[in-house]
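Here are the chains, one letter per residue:
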Amino acid sequence: MEILNTVAALHARTEMWRRENKRIGLVPTMGALHEGHLQLVRAAAQECDVVVTSIFVNPTQFNNAEDFQLYPRLPEADATLLAPAGCTALFLPSVAEMYPQPTVLRFDFGALERVMEGAHRPGHFNGVATVVSKLFHLSSPHRAYFGQKDLQQVAIVRQLVADLSFNLELVAFPTVREADGLAMSSRNRRLDAAARTVAPLLYQALQQAAVVVQEGQATPAAVLEAAQGVLATEPTIQTEYVEVVDAQTLQPLAEWQPGQAVAVCLAAYIGGVRLIDNVVVAR
Ligand code: PAF
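This report concerns the structure included in the present document. (Residues numbered from 1 in each chain as written. Predicted model: local features only at pLDDT ≥ 70, side-chain atom pairs only at ≥ 80, totals over all residues. Heavy atoms only, no water.)

1. Description of the packing of aromatic side chains
Then, number 1: Tallying each qualifying case throughout the model produces six aromatic pairs.
Then, number 2: Aromatic pair Phe 62 and Tyr 71: ring centres 5.7 Å apart, planes at 75 degrees, arrangement edge-to-face.
Then, number 3: Of note, Arg 73 hangs over the ring of Phe 68, and the distance from its end group to the ring centre comes to 4.8 Å.
Then, number 4: The ring centre of Tyr 203 lies 3.7 Å from the NZ or CZ of Arg 177, which sits over that ring. (Phe/Tyr/Trp six-rings, centres within 6.5 Å; stacked < 30°, edge-to-face > 60°. Lys NZ or Arg CZ within 6 Å of the ring centre and 35° of its normal.)

Right, dumping it as structure tokens:
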């Protein structure tokens, strides 16, 4: 596996692969890799001829300076995991390399970003769309792989691909969980022992909500109540939001439509670490 640190090197490499008719898979990450990332890389290796994994803790998508500073950075350890998973090239740029000057372009995804992560992290999806667009341009992937733990991010990137006519297939992979249900996340590394013990309650709250979604007579309000009831059993969980939304539009639901796919999404702080999770349930 080669490590590319510059935009020029990545561009040159992917242009060469394109000339050789190689199918390129891209797995964008911010590093501190876990099994969820590695499943994306393995899938890309199976479905494409070459795989580019990017590791870049993107400052423009952080609305909180401390969160950016504390985000785990383990590039050497990450690199050792990528080659066995089938990665061809690791793109590991500096901030100056990715942003030689501040970006002026601004993205606005309308209603899609006025809820949940977009509502609670102003500017977050502008930063995501900026860096993902750059990565798409630089690596010209045939397929790009994302995890569904970031459900709203997947929806935003899908909109980005459609609106800007990126000629690629977006592949969304189910959330990978620890044995106790906690969704794998790079931020889990920041949980101390007490917080790690409490963290599986997030998924338990979502499971409880999913059971209620499937009950014939239940309302979205009853679903919210079920999730909030579980979260309220643990005083160290500070819930930022729990939402019951349409799984496509991500707009909050006051009532159900027949056959609707419903997502229950939440964000919460545990021991000072902000975690998100979701489940998608058919009614
Ligand atoms: O999901 C992430 O890790 C990031 O938001 C992404 C897609 C790599 C963009 O920085």
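Next comes the rest of the account.
2. Quick look at unusual backbone geometry
Then, number 1: Phi at Ala 32 takes a positive value of approximately 50 degrees, unusual for a residue other than glycine.
Then, number 2: Relative to the helices and strands, Ala 32 is located in the loop between β2 (24–29) and α2 (35–47).
Then, number 3: Look at Ala 32 and you get buried, because its relative accessible area is 1%.
Then, number 4: Positive phi values are uncommon outside glycine, yet Met 116 reaches one of about 50 degrees.
Then, number 5: The topology assignment puts Met 116 in helix α6 (residues 116–120). (Helix = DSSP H or I, 4+ residues; strand = E, 2+ residues; numbered from the N terminus. Buried < 20%, exposed > 50% of the residue type's maximum accessible area, 1.4 Å probe, protein only.)

3. Some points on the site of the ligand
Then, number 1: Around the ligand sit Pro 28, Thr 29, Met 30, Asn 58, Gln 61, Val 131, Phe 146, Asp 150 and Gln 153, and that is every residue in its neighbourhood.
Then, number 2: At a separation of 2.6 Å, an oxygen atom of the ligand approaches a polar side-chain atom of Gln 61.
Then, number 3: At 2.6 Å from an oxygen atom of the ligand is found a side-chain nitrogen or oxygen belonging to Gln 153.
Then, number 4: Here the ligand loses 89% of its free accessible area of 290 Å² to cover by the protein chains.
Then, number 5: Tallied by class, the residues present in the shell around the ligand amount to four nonpolar, four polar and one charged. (Near = heavy atom within 4 Å. Polar contact = N/O pair within 3.5 Å; in protein donor to acceptor, adjacent residues only side chain to side chain. Areas by Shrake-Rupley, 256 points an atom, 1.4 Å probe, with all protein chains shown as cover. Nonpolar A, V, L, I, M, F, W, Y, C, P; charged D, E, K, R; others polar.)

4. Some points on the packing of α2 against helix α4 (residues 75–85)
Then, number 1: The contact between α2 and α4 brings their axes to 9 Å, and the two run at 35 degrees. Handedness of the α2/α4 crossing: right-handed. Together, Leu 38, Val 41, Arg 42 and Ala 45 of α2 and Leu 81, Leu 82 and Ala 85 of α4 make up the contact between the two elements.
Then, number 2: Split into classes, the residues belonging to the contact of α2 with α4 amount to six nonpolar, no polar and one charged. (Axes fitted to C-alpha atoms, helices over the stretch in contact; angles between N-to-C directions. Left-handed = near helix turned anticlockwise from the far one by under 90°. Contact = heavy atoms within 4.5 Å.)

5. Comments concerning the side chain of Arg 121
Then, number 1: Its location among the elements puts Arg 121 in the loop between α6 and α7 (124–139).
Then, number 2: At a separation of 3.5 Å, a polar atom in the side chain of Arg 121 contacts the main-chain carbonyl oxygen of Gln 61.
Then, number 3: There is a polar contact of 3.3 Å between the side chain of Arg 121 and the side chain of Asn 63.
Then, number 4: Not counting residues within four places of it along the chain, the set of residues in contact with Arg 121 comprises Gln 61, Phe 62, Asn 63, Asp 67, Arg 187 and Arg 274.

This is a description of form; function is not addressed.
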